[in-house]
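Observations on the three-dimensional arrangement
So you can see what is in the structure, the chains are spelled out below.
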Amino acid sequence: MGVTPLSQGAASTLALLVSTLQARAVVEVGTGTGVSGLTMLRAMADGGVLTSVDLEAEHQRLARDTFREAGLPPQRFRLIAGAALDVLPRLTDGGYDLVLIDGDKVEYLDYLAEAKRLVRPGGLVVIDNALWHDRVADADQRDPETTAIRETIAAVVADDAMRSSLLPMGDGLLVAQRLA
């Protein structure tokens, strides 16, 4: 499918974060084939619901199959096919415990703005691919994806309403807690 799933270390870390929060409502930008979604669903509090947004309907079909094969009832997940920047503004302000950003890298900064609105105080925004194949730390790398990820990291670090840490799991997880 051309989708790179979370590494085992990143998935384990994501599961720990979701579990620690006792998350009941999670938004995922970028469904992929369901690996990260399944990881979060298994770690969520009983009855927790995952809302996953992806432009590719085929990715969502595969994720739905993955969730069903894992024995998850359909009321535990909501898969929305569409552009994340069209869908996210329609979701409830402060209604989510965690937002995972793993979609189009060029749109990360826009996803971050939506995620900060969506996540409740004390909740987390998790940004995958924060190291972007070790390109982010290399100032000579100026492709649109790398530049967008750098700008997103800078925006998180500069935001006094967020506490953050860059974790070197997989391709990097930037974890930011909404303080207020």
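Shown above is the structure to which this text applies.
Quick caveat: nothing in here was measured; it's all calculated off a predicted structure.

What follows covers the sheet that holds strand 1 (residues 25–29). Strand order in the open sheet formed by seven strands is 3-2-1-4-5-7-6, and the pairing between neighbours is mixed. Bordering the open sheet on either side are strand 3 (77–81) and strand 6 (162–167), each of which pairs with just one other strand. Put simply, the sheet's adjacent strands are angled 15 degrees from each other on average, direction ignored. One ladder, built from six bridges, connects strand 6 with strand 7 (residues 173–178); its direction is antiparallel. Along strand 7, the bridge assignment pairs Leu167 with Leu173. The sheet contacts of helix 2 (residues 35–43) involve strand 1, strand 2 (49–54), strand 3 and strand 4 (96–101), and relative to strand 1 the element is tilted by about 170 degrees. Across the sheet, helix 3 (residues 57–69) touches strand 2 and strand 3, and the angle it forms with strand 3 is around 170 degrees.

Considering the arrangement of structural elements, one finds Ser36 in helix 2. A relative accessible area of 6% places Ser36 in the buried class. Leaving out residues up to four positions away in the same chain, Ser36 has contacts with Leu6, Leu14, Glu28 and Leu100.

All right, on to unusual backbone geometry then. Note: most peptide bonds trans; most residues except glycine with negative phi. With phi around 55 degrees, Gln22 is a residue other than glycine that occupies positive phi space. Residue position: Gln22 is located in the loop between helix 1 (8–21) and strand 1. On the basis of relative accessible area, Gln22 is assigned to the exposed category, the value being 59%. The phi dihedral of Asn129 is positive, around 65 degrees, even though this residue is not glycine. The topology assignment puts Asn129 in the loop between strand 5 (119–128) and helix 6 (144–158). For Asn129, a relative accessible area of 10% corresponds to the buried category.

How each quantity is defined
- Residues numbered from 1 in each chain as written.
- Predicted model: local features only at pLDDT ≥ 70, side-chain atom pairs only at ≥ 80, totals over all residues.
- Heavy atoms only, no water.
- Pairing = 2+ DSSP bridges.
- Helix = DSSP H or I, 4+ residues; strand = E, 2+ residues; numbered from the N terminus.
- Axes fitted to C-alpha atoms, helices over the stretch in contact; angles between N-to-C directions.
- Contact = heavy atoms within 4.5 Å.
- Buried < 20%, exposed > 50% of the residue type's maximum accessible area, 1.4 Å probe, protein only.

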